[in-house]
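Coordinate inspection notes
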Amino acid sequence: MSRRSSEMHLTTRIKNSKQMIRLVRPQELTASDLIYPIFIREDGKKFEIPSMKGQYYLSLADAVKVCRQTVGLGIPAVMIFGVLKKKDADGSAALRKNGFHSKIFRRLKKEFGDDLVLISNVCLCDYTAEEFCVYSEKGRVLNEKTAEMLGKIGLVHAEAGADVIAPAAMCDGQVRQIRCALDKEGFDDISVMTYVKTDSCLFEPFFEAMTLSKTPRSGVDSSKFRTDVINEKMFMQKVDLDISEGADFVIVKPALTNLDHILRVKQKYPTIPIAAYQVSGEYALIKLLGEHAHVDENRLVMETLNSIKRAGADMILTYYALEAAKHISKQ
Ligand SMILES: [Zn+2]
């Protein structure tokens, strides 16, 4: 007996079976795609970050425990943010060989060796009293001075055990200065992972988390060193520059509003690993929707992370790394 003719198409047939859906996926997010950003405080206080509910400042001892959990979940890397007790005009603490950041890298490298990739966020705002990413004078960015300082800081972190140096100041020459400083001292095996950021308001909860002073920041307008959110050519010019200076990886930041940039970088540089940073504002947005809009937080986390992966990211920095890895392990 012949079957009736049918209008059913391939996608509908596939959707009949959960396992078939999994089988035909071209790619799937795994724990090995994730990087967990952590905030470690020099004063050793552990408490919830007010602007990022569910994320905590850690003492160095707590950070060891969190990193152990991270490794246990199969996540290969952490991004380290050190929160100093005190900052000064020049950011002199940055170059102390026994400074807090160096202590972090030495301790974590000793504890985890090659089991965990330690990525060092390198930026002036972590050290200077005015808490800007760049040095400035009368509202003008001092590009050379900033890039040179970032090179020196990158070397200090590499000497202490950082595996990857991630300059975040977005100034021209930052990658070249870091690469030169590392190579000159025999750290040619240390990678440089450069941030390319649009001038987004989604960074605000992070600034709140990293800022010591209670007064609002003033001075250099951030649009002077980040790229225009509307101009995709400007974004690609910065990517081109940093790759030409020797960047091994590119971080696109934020992720949600730059999915097209992720795809664009992937298409232009298929051999360069691309990271995307699901930033603090994206994290807060998902939390809020989960708490106030009847959205399933877990589903939204996985949906957003998978969309970032689908856009072309090889790895994703996310404050949801631990939750996502747990979810993936249960699939
Ligand atoms: Zn900064």
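Everything numeric here is computed off the predicted structure, so don't read it as measured data. (Residues numbered from 1 in each chain as written. Predicted model: local features only at pLDDT ≥ 70, side-chain atom pairs only at ≥ 80, totals over all residues. Heavy atoms only, no water.)

1. Notes on the packing of aromatic side chains
As a reminder of what qualifies: Any Phe, Tyr or Trp ring, taking Trp's six-membered ring, that has another such ring centre within 6.5 Å forms a pair; planes under 30 degrees apart are called stacked, those over 60 apart edge-to-face, and the others tilted. The helix and strand labels rest on DSSP assignments: H or I over at least four residues marks a helix, E over at least two residues marks a strand, and numbering proceeds from the N terminus. Think of it in three bands: with a 1.4 Å probe and only protein chains considered, a residue is buried below 20% of the maximum accessible area for its type, exposed above 50%, and partly exposed in between. Distance and angle both matter: a charge sits over a ring if NZ of Lys or CZ of Arg is within 6 Å of the ring centre and within 35 degrees of the ring normal.
For the structure on display, the rule yields 10 aromatic pairs. Consider the rings of F39 and Y57, whose centres lie 6.4 Å apart with planes at 80 degrees: the pair is edge-to-face. Within this pair, whereas F39 is found in strand β1 (residues 34-41), its partner Y57 is found in strand β3 (residues 56-58), the two being separated by 18 residues in sequence. Judged by its relative accessible area of 4%, Y57 falls in the buried class. The interplanar angle of 55 degrees and the centroid separation of 4.8 Å between the aromatic rings of F47 and Y57 together place this pair among those described as tilted. Taken together, the residues span a long stretch of sequence, with F47 in strand β2 (residues 47-48) and Y57 in strand β3 at a distance of 10 residues. We classify F47 as partly exposed; its relative accessible area is 32%. Members of the aromatic cluster, each reached through a chain of ring pairs, are F39, F47, Y57, F81, Y195, F206, Y277, Y283, Y319 and Y320. A cation sits over an aromatic face here: K46 above Y56, 5.7 Å from the ring centre.

2. Side note on the nonpolar core
In plain terms, the rule: The definition of a nonpolar core used throughout is a set of buried Ala, Val, Leu, Ile, Met, Phe, Trp, Tyr and Cys residues joined through side-chain atoms within 4.5 Å. Two residues qualify as a contact provided that any one of their heavy atoms is within 4.5 Å of a heavy atom in the partner residue.
I38, F39, M79 and M193 are the most contacted members of the largest nonpolar core, which totals 114 residues. No other element matches helix α5 (residues 143-160), which puts seven residues into this core. Discounting chain neighbours no more than four positions away, the residues touching F39 are I49, M52, Y56, Y57, L58, F81, F206, A209, M210 and Y319.

3. Examining helix α6 (residues 174-184)
Of the residues making up α6, those classed as buried are Q174, V175, Q177, I178, R179, A181 and L182. Of the surrounding secondary structure, the elements contacted by the buried residues of α6 are α5, β8 (164-167), β9 (191-197) and α8 (232-244). Positive phi shows up at G186, right after α6, with a value of about 85 degrees.

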